[in-house]
Amino acid sequence: MAINTRKSASGRSMILAHLGAIVCVVMWGTSFVSTKVLLNCGMQPVEIYIYRFILAYLTLLLIDHKRWRSNSWRDEGLLAMCGVLSGSVYFLAENFALEYTLVTNVSLLTSLSPLITALLIGLWYRNERPGSGMVAGSMVAFAGVGCVIFNSSFNLQINPLGDLLGLSAAVSFSFYSIILGKLNAVYDVWFITRKTFFYGVVTALPFMLVESPAFTVVEVAMRPELWGNIVFLAIGASLMGFVLWAATVKNMGAVKANNYLYVQPVVTLVVSAWLLGEQVSAIGYIGCGMILAGLWLGDWLTRRQKMRG
């Protein structure tokens, strides 16, 4: 009876983990469209990021405020790097990318982050180098990236610079994921997240000297399309998304959890077509399919090789 009870509890945990992963990718896929709406309303990329993460940080501070210092200056430096890589660099690159290219393009390119992370780990650690299956999948996926970028050239109002910024965001998040693995062994997820938000905001503030805000806090509060999207990005996509994703990875493992990220571009494609009316050419759809196929192929071939070995 005890064994059956444990199995039942484990089964419920896995179901909740899958539901949590679905909620995450839906929120993250929609967040690109939400940011695009704010840009179309006249908000600046830096302004959107600052409003979003200050609100997320203050909310998190109410929930978790017992610990303020890390164990060493080295760890504090790693936490600051997390804030820069996953905060100011990642989201500023993403937000600026959305000014120049399609929402779908940015979502597709940033979804390459798990694949890039695996390749970077393989370069640094010989015993964790990707196998032939991962390499094959990578080649297909990056060919798809080329198609996505080429898709932009069909529309004279879209600059391929936006696609390169989207790809830069994916690389930045990959480096963050590697550093995060070291910090997770020492600190709890709430502390790391709060520190990440803090350093992300602090390192982005100098950009405000170059790009002044288009709206005051009062003006944002008076317009539902502004504060509604900012609250969703801060509390939903940032705070809730991070917590749910941490729980998902804990229950089903990083490999299975990362598979859900492949669905993110599909969510963005549907939502952007529905709310923004964005059009994608045939080669753009081919690139989308190649990226998703490459990501899936790399994971499937890797698992198959492990089973044989």
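What you see is a predicted model; the values in this text were computed from it and never measured.

### Quick look at the overall build of the protein chain
And then number 1: Helix and strand content of the protein chain: 14 helices and zero strands.
And then number 2: Its helices and strands taken in sequence order, the protein chain reads α-α-α-α-α-α-α-α-α-α-α-α-α-α from the N to the C terminus.
And then number 3: The buried share of the protein chain, taken over its 309 residues, is 46%.
And then number 4: Element-wise, carbon and sulfur atoms account for 69% of the exposed surface of the protein chain, whose accessible area totals about 15,400 Å².

### Side note on the side chain of Lys36
And then number 1: Structurally, the position occupied by Lys36 is in helix 1 (residues 2-40).
And then number 2: Ignoring any residue separated from it by four or fewer positions in sequence, one finds Lys36 in contact with Leu98, Thr101, Val103, Leu276 and Glu278.

### A look at the pattern of salt bridges
And then number 1: Throughout the structure, instances matching the rule amount to three salt bridges.
And then number 2: Residues Glu225 and Arg223 are paired through a salt bridge, measuring 2.8 Å at the closest nitrogen-oxygen approach.
And then number 3: Classification of Glu225 by relative accessible area gives partly exposed; the value is 31%.
And then number 4: For Arg223, a relative accessible area of 28% gives the class partly exposed.

### Quick word on the packing of aromatic side chains
And then number 1: Counted under the stated rule, the structure contains ten aromatic pairs.
And then number 2: For the pair Tyr90 and Phe173, a centre-to-centre distance of 5.3 Å together with 55° between the ring planes defines the contact as tilted. Of the two residues, Tyr90 sits in helix 3 (residues 73-100) while Phe173 sits in helix 7 (residues 160-184), which places them 83 residues apart along the sequence.
And then number 3: The ring of Trp68 has Arg194 sitting right over it, with the charged end atom 5.1 Å from the ring centre.

Definitions and limits used
- Residues numbered from 1 in each chain as written.
- Predicted model: local features only at pLDDT ≥ 70, side-chain atom pairs only at ≥ 80, totals over all residues.
- Heavy atoms only, no water.
- Helix = DSSP H or I, 4+ residues; strand = E, 2+ residues; numbered from the N terminus.
- Buried < 20%, exposed > 50% of the residue type's maximum accessible area, 1.4 Å probe, protein only.
- Areas by Shrake-Rupley, 256 points an atom, 1.4 Å probe, with all protein chains shown as cover.
- Contact = heavy atoms within 4.5 Å.
- Salt bridge = Lys/Arg side-chain N within 4 Å of Asp/Glu carboxyl O.
- Phe/Tyr/Trp six-rings, centres within 6.5 Å; stacked < 30°, edge-to-face > 60°.
- Lys NZ or Arg CZ within 6 Å of the ring centre and 35° of its normal.

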